[in-house]
Amino acid sequence: MELTVKELSQRLKAELVGDGGGLIRSVGPVGAADQTTLTFLANNKHLAGLKAARAGAVMVAKMVAGVSMPQLVVKNVNTALIEALKIFAPKLQAPSPGVHSTAVVAEGVMLGKNVSIGPFVVIETGAEIGDNTVIAAGCKIGQNTKIGANTRLDSNVVVYHNCVIGNSCIIQANTTIGSTGFGYYFIEGAHRLIPHNGIVVIEDFVEIGANCCVDRAKFGETRIGAGTKIDNLVQIAHNVIIGKCCLIAGQSGMGGSVKIGDGVVLAGAAGIVDNIEIGDAAIVGARSFVIKSIEPGMHVLGLPSIEHKEALRVWACTHRLPKLMEQVKELSARVEKIETAKDNQHTGRS
């Protein structure tokens, strides 16, 4: 893909400031941009680097003085960046509609219009696949599972029986939906698996990264709310309920029956103990471990998690401990010296 700066400004509905004749072939950050790269200024911390950059053009929210390259003034830099990345994305061959000759599709499976079923896919009896959905190579769809329209399952995704996946979802490679939850009773000297007869429901516009696990419910359902985005390597246990438009970063894990409100953010490697609630719009910091319910809007951090400002104060004190220890040693020596002198004076008087 190659566009002039002027053509690109028109595609992005941007106001062009400067020469529009240069050619743009890619999008990149300020520090790595060359004369055919469109870069961007999302915040002022990169302003100094921008003035020294060699980019072919820059997207800005307002015109920046002292910048010689053409400027594309847009309402929202992040929104324009998404559109620019779409324009210059690699042009890959789209999956062909139809069922590959190596796929195994059970009798009675309902396939919508323009569905693409890739090589070595297995779809079991009673399953339904909506219009324009893509099931990539090696996927397994269990009995009676329903997948909506315009959804994409990348290679080797496994969806167990009786699950429901909504419209316009993306599930990346090697993720498993609907496996049996981790629940056992210790009976007569052995751990005995508790049957998990519930289901998993994934609502519309959910995106799940690679190598995630979403366990089926013991009874009822495990549910992921509409618009929620989940990173790679996330564990969602049985009967977890996740609200709408949440963000869950990689290596996070939720114990059984956790309830997460709308708009919650779990940063990387956050852990949530079972049977607690995380209120709407709460934020759990990276590598935090939550052991009790969190009120809506709270921002927590630490192990165990506490209010984030308090956690930062604790960490600041912890980092000062070596210096404090040296001060304590010095004070102890001075006190000992003073006490020794007092003892010597007392002995002399005696």
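What this report covers is the structure whose coordinates are included nearby. Fair warning: this is a prediction, and the values are worked out from it, not measured in the lab.

### Things to note about the overall build of the protein
Right, on to step 1. From N to C terminus, the protein includes five helices and 40 strands.
Right, on to step 2. In terms of overall size, the protein is more extended than a compact globule, its C-alpha atoms giving a radius of gyration of 29 Å where 350 residues would be expected to give roughly 20 Å.
Right, on to step 3. When each of the 350 residues of the protein is scored for burial, the buried share is 39%.
Right, on to step 4. For the protein, contacts bridging at least 24 residues in sequence account for 17% of all contacts bridging at least 6.
Right, on to step 5. When the accessible surface of the protein is totalled, it reaches about 19500 Å², and 56% of it is carbon and sulfur.
Right, on to step 6. In the protein, the 33 positive side-chain charges and the 30 negative ones have mean positions that sit 6 Å from each other.

### Quick word on the sheet that holds strand 19 (residues 164-165)
Right, on to step 1. Across the sheet, which stays open at both edges, the nine strands sit in the order 10-13-16-19-24-27-30-33-36 with parallel pairing between neighbours. Looking at strand neighbours, the two that pair on one side only are strand 10 (110-111) and strand 36 (277-278), the edges of this open sheet.

### With respect to the pairing of strand 21 (residues 176-179)
Right, on to step 1. In this sheet, strand 21 lies alongside strand 18 (residues 158-159) in parallel orientation, the contact comprising two bridges. Each bridged residue has a counterpart across the sheet, and for Val159 the counterpart in strand 21 is Ile177.
Right, on to step 2. Relative to strand 26 (residues 213-215), strand 21 is paired through three bridges, and the arrangement is parallel. Its bridge partner lying in strand 26, Thr176 is registered against Cys213.

### With respect to the packing of aromatic side chains
Right, on to step 1. Applying the stated criterion across every chain, the model contains one aromatic pair.
Right, on to step 2. When the ring of Phe182 is compared with that of Tyr184, the centres are 5.4 Å apart and the planes differ by 70°; the resulting orientation is edge-to-face.
Right, on to step 3. Given the relative accessible area of 70%, Phe182 is considered exposed.
Right, on to step 4. For Tyr184, a relative accessible area of 40% corresponds to the partly exposed category.

### Things to note about the environment of Gly256
Right, on to step 1. Assignment of secondary structure puts Gly256 in the loop between strand 32 (253-254) and strand 33 (259-260).
Right, on to step 2. Separated by 85 residues in the primary sequence, Gly256 and Ile171 place their C-alpha atoms 22 Å from one another.
Right, on to step 3. Contact partners of Gly256, with chain neighbours within four places excluded, come to Ala237, His238, Asp274 and Asn275.

### A few points about the sheet that holds strand 21
Right, on to step 1. Spatially, the 10 strands line up as an open sheet ordered 9-12-15-18-21-26-29-32-35-38, and their pairing is parallel. Sheet topology places strand 9 (104-105) and strand 38 (289-290) at the edges, where each strand pairs with a single neighbour.
Right, on to step 2. Relative to strand 32, strand 29 (residues 235-236) runs parallel, the two being bridged by two bridges. Within the sheet, the bridge partner assigned to Ile236 lies in strand 32 and is Met254.

### Describing a nonpolar patch on the surface
Right, on to step 1. Nonpolar side chains collect at one region of the surface, where Phe182, Tyr184 and Leu193 lie side by side and expose about 370 Å² of accessible area between them.
Right, on to step 2. Here Tyr184 lies in strand 22 (residues 184-187).

### Some words on the pattern of salt bridges
Right, on to step 1. Applying the stated criterion across every chain, the model contains eight salt bridges.
Right, on to step 2. One salt bridge in this structure joins Glu83 and Lys86, with 3.8 Å as the shortest N-O distance. Of this pair, Glu83 and Lys86 both sit in helix 3 (residues 77-87), three residues apart, which is roughly one turn of that helix.
Right, on to step 3. Looking at Glu83, the relative accessible area reads 37%, which means it is partly exposed.
Right, on to step 4. Residue Glu221 is joined to Arg223 by a salt bridge in which the shortest nitrogen-to-oxygen separation is 2.5 Å.
Right, on to step 5. Residue Glu221 is classed as partly exposed on the basis of its relative accessible area, which comes to 26%.
Right, on to step 6. Overall, the relative accessible area of 23% leaves Arg223 in the partly exposed class.
Right, on to step 7. Beyond isolated ion pairs, a larger network of salt bridges with shared partners links Glu203, Glu221, Arg223 and Lys244.

### Description of the side chain of Glu203
Right, on to step 1. Structurally, the position occupied by Glu203 is in the loop between strand 24 (199-202) and strand 25 (207-208).
Right, on to step 2. Accessibility expressed as a relative area gives 17% for Glu203, which makes it buried.
Right, on to step 3. At a separation of 2.8 Å, a polar atom in the side chain of Glu203 contacts the main-chain amide nitrogen of Ala226.
Right, on to step 4. A distance of 3.0 Å separates a polar atom in the side chain of Glu203 from a polar atom in the side chain of Lys244.

Reading guide: rules and limits
- Residues numbered from 1 in each chain as written.
- Predicted model: local features only at pLDDT ≥ 70, side-chain atom pairs only at ≥ 80, totals over all residues.
- Heavy atoms only, no water.
- Helix = DSSP H or I, 4+ residues; strand = E, 2+ residues; numbered from the N terminus.
- Rg over C-alpha atoms; globule rule 2.2 N^0.38 Å.
- Buried < 20%, exposed > 50% of the residue type's maximum accessible area, 1.4 Å probe, protein only.
- Contact = heavy atoms within 4.5 Å.
- Areas by Shrake-Rupley, 256 points an atom, 1.4 Å probe, with all protein chains shown as cover.
- Lys, Arg positive; Asp, Glu negative; His and termini not counted.
- Charge placed at Lys NZ, Arg CZ, Asp CG, Glu CD.
- Pairing = 2+ DSSP bridges.
- Phe/Tyr/Trp six-rings, centres within 6.5 Å; stacked < 30°, edge-to-face > 60°.
- Patch = residues over 30% accessible without salt bridge, like charges linked within 9 Å, V, L, I, M, F, W, Y side chains within 5 Å.
- Salt bridge = Lys/Arg side-chain N within 4 Å of Asp/Glu carboxyl O.
- Polar contact = N/O pair within 3.5 Å; in protein donor to acceptor, adjacent residues only side chain to side chain.

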